[in-house]
Amino acid sequence: MKDLIRTLTEAFGPSGYETEVTDLIKTLVEDYVDEIETDVLGNLIAVKRGSEDGAKIMFAAHTDEIGIVVTHIDDNGFLRFANIGGVGVATLIGNRVRFANGTIGVISREKGDWKETTLDKLYIDIGAESKEEAQAKVNVGDFGIFHREFVDLGQRLVAKAMDDRIGCVVLIEALKQIKEPKNTLYFVFTAQEEVGLRGARTSAYRIDPDLGIALDVTMTGDTPEARRMEVSLGKGTAIKVKDSSVIAHPKVKELLVKLAEENGIPYQLEVLEAGGTDAGAIHLTREGVPSGTISIPTRYVHSPSEMVDVRDVKACVDLVVALADAEIDIN
Ligand code: CO
Ligand code: ZN
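Residues numbered from 1 in each chain as written. Chains lettered and ligands numbered in written order. Predicted model: local features only at pLDDT ≥ 70, side-chain atom pairs only at ≥ 80, totals over all residues. Heavy atoms only, no water.

Colleague: How should the overall build of the protein chain be read in this particular structure?
Modeller: Looking only at helices and strands, one finds eight helices and 17 strands in the protein chain. In terms of overall size, the protein chain behaves like a compact globule, its C-alpha atoms giving a radius of gyration of 20 Å where 331 residues would be expected to give roughly 20 Å. Projected onto its principal axes, the C-alpha coordinates of the protein chain cover approximately 65 × 45 × 40 Å. Looking at the 331 residues of the protein chain, the share that counts as buried comes to 54%. Taking the contacts inside the protein chain whose residues are at least 6 apart along the sequence as the reference set, 76% of them involve residues at least 24 apart. Here the protein chain has roughly 14,300 Å² of accessible surface; of this, 47% comes from carbon and sulfur atoms. Here the protein chain contributes 37 positive and 55 negative side-chain charges, whose respective centroids are spaced 3 Å apart. (Helix = DSSP H or I, 4+ residues; strand = E, 2+ residues; numbered from the N terminus. Rg over C-alpha atoms; globule rule 2.2 N^0.38 Å. Buried < 20%, exposed > 50% of the residue type's maximum accessible area, 1.4 Å probe, protein only. Contact = heavy atoms within 4.5 Å. Areas by Shrake-Rupley, 256 points an atom, 1.4 Å probe, with all protein chains shown as cover. Lys, Arg positive; Asp, Glu negative; His and termini not counted. Charge placed at Lys NZ, Arg CZ, Asp CG, Glu CD.)

Colleague: Explanation requested: the sheet that holds strand 11 (residues 156-159) in the structure shown.
Modeller: Sheet strands associate in pairs through backbone hydrogen bonding, adopting either a parallel or an antiparallel arrangement. The three strands lie next to each other as 10-11-17, forming an open sheet whose pairing is antiparallel. On the outer flanks of this sheet lie strand 10 (151-152) and strand 17 (306-309), each paired with one strand and no other. Across four bridges, the pairing between strand 11 and strand 17 is antiparallel. Within strand 17, the position partnered with Ala-159 by the bridge is Glu-306. Set on the sheet, helix 4 (residues 162-177) makes contact with strand 11 and strand 17; between it and strand 17 the angle comes to about 30 degrees. Packed on one face of the sheet, helix 8 (residues 310-324) meets strand 11 and strand 17 and runs near 65 degrees to strand 17. (Pairing = 2+ DSSP bridges. Axes fitted to C-alpha atoms, helices over the stretch in contact; angles between N-to-C directions.)

Colleague: Can you help me understand the coordination of the zinc ion (ligand 2) in this one?
Modeller: In a perfect tetrahedron of four donors around a metal, the angles come out at 109.5 degrees. In a perfect octahedron of six, they are 90 or 180 degrees. Surrounding the zinc ion (ligand 2) are the protein donor atoms His-62 (NE2), Asp-163 (OD), Asp-216 (OD) and Asp-216 (OD), at 1.9 to 2.5 Å. Classification of the site at the zinc ion (ligand 2) rests on its four donor atoms, whose angles at the metal span 53 to 150 degrees, yielding the label irregular. The sequence pattern describing where the donors of the zinc ion (ligand 2) fall on their chain is H-x100-D-x52-D. Separating the zinc ion (ligand 2) and the cobalt ion (ligand 1) is a distance of 3.3 Å, and Asp-163 donates to both of them. With Asp-163 in helix 4 and Asp-216 in strand 13 (residues 211-218), the pair connects residues that are 53 residues apart, well separated along the chain. Neither residue differs from the other here; Asp-163 and Asp-216 are each classed as buried. (Donors = N, O, S within 2.8 Å, 3.2 Å for Na, K, Ca; no water. Tetrahedral: all angles 85-135°; square planar, octahedral: opposite > 155°, others 65-115°.)

Colleague: Please clarify how the packing of helix 1 (residues 2-10) against helix 4 should be interpreted in this entry.
Modeller: Angle between the axes and distance between the axes are the two parameters that describe a pair of packed helices. Close contact between helix 1 and helix 4 brings their axes to 9 Å; oriented N to C, the two are set at 135 degrees. In this view, helix 1 runs oblique relative to helix 4, as classed from their interaxial angle. Considering the relative orientation of helix 1 and helix 4, their crossing is right-handed. Contacts between helix 1 and helix 4 involve Leu-4, Ile-5, Leu-8 and Thr-9 on the former and, on the latter, Met-162, Arg-165, Ile-166, Cys-168, Val-169, Ile-172 and Glu-173. (Parallel < 35°, antiparallel > 145°, perpendicular 65-115°, else oblique. Left-handed = near helix turned anticlockwise from the far one by under 90°.)

Colleague: In this structure, what is going on with unusual backbone geometry? I would like to understand it.
Modeller: Leaving glycine out, the prevailing phi sign among residues is negative, and the prevailing peptide bond configuration is trans. Here Asp-163 and Asp-164 are connected by a cis peptide whose omega angle stands at 5 degrees. Here Asp-164 is to be found in helix 4. Within the chain, Ala-161 stands out as a residue other than glycine whose phi angle is a positive 60 degrees. Among the secondary structure elements, Ala-161 is positioned in the loop between strand 11 and helix 4. Of note in this structure, Leu-197 is not a glycine but carries a positive phi near 55 degrees.

Colleague: Would you mind showing me how to read the coordination of the cobalt ion (ligand 1) here?
Modeller: Protein-derived ligands of the cobalt ion (ligand 1) are Asp-163 (OD), Glu-194 (OE), Glu-194 (OE) and His-302 (NE2), with the metal-ligand distances lying across 1.8 to 2.6 Å. Positions of the donor residues of the cobalt ion (ligand 1) along the chain correspond to the pattern D-x30-E-x107-H. Overall, the relative accessible area of 12% leaves Glu-194 in the buried class.

Colleague: Would you take a moment to explain the sheet that holds strand 4 (residues 67-73) for this structure?
Modeller: Taken together, six strands build a closed barrel; the order of strands is 4-5-8-7-6-9 and the barrel is antiparallel. Each strand of the sheet is rotated relative to its neighbour by a mean of 45 degrees, with strand direction disregarded. Of the pairings in the sheet, the one linking strand 6 (residues 96-99) to strand 9 (residues 143-146) comprises three bridges and is antiparallel in character. Paired with Phe-99 across the two strands is Gly-144, which belongs to strand 9.

Read these as spatial facts, not as claims about activity.
Structural data, given as structure tokens:
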């Protein structure tokens, strides 16, 4: 599983440009599913058919990652940029950006007070000496991601884009284990979550599921002077109660808790005060879809060094596998 996490987290996939990631996932899962296709927005939809009396479950894990888009190149070859998704200034300076063609740049800032440093005071240096030299490598409108390699710390793993390639890994690992499910399972590797849950919106409309489950990272409260939160790394899968995009359907939350308890899967209840997931879009589709989220506890979310615990990832896989055969009766 660690190799899979390395491969997926190191892939290039800013919102809207997820094809490197979806192509990789397609080759990994196509032998395990009955149908697989990509839609207009770039969602990869893999279907595993169940029995006739089963329900239709949509699982969503997003393939896109936060990044930047080039807005301007000055005469000396320095790039200015805007954010793609939730990008914090504090995580940027000294970090590196990678573009689709492999060009690497360093992020730095203009002089001035740290407290007043906003995105428009930052620039990217790709080592060019002139605008022309820069334009030979990068142009206005090009998307970049934060360049960082995967690190294996043993039980804990660090990488960029754990948000939400780790959710994709959970779905892939579950798919490999599920043979003949009772329920029909739609594994959707969604596009453009970081810019507003966009891929989940169109794919949920198309699938019209009986139950929607997002797989995504959540924050933790277990680091020095952390914002108070009852989720820790290593204590199991996190079953969401609410975040700012969704209040999990009480029966969905109860079902997930019941399945975790019946199967001996370690879990924690999650209340995330700020942030959302694809469940925010799924539950508002058509006349409404009962929805919930299985979260992977993650430290340093939206930094280039997001940390997860392998035991939690496995607990999330086990809970997805348990849902495949669960009795779904929610309205
Ligand atoms: Co995110
Ligand atoms: Zn995410």
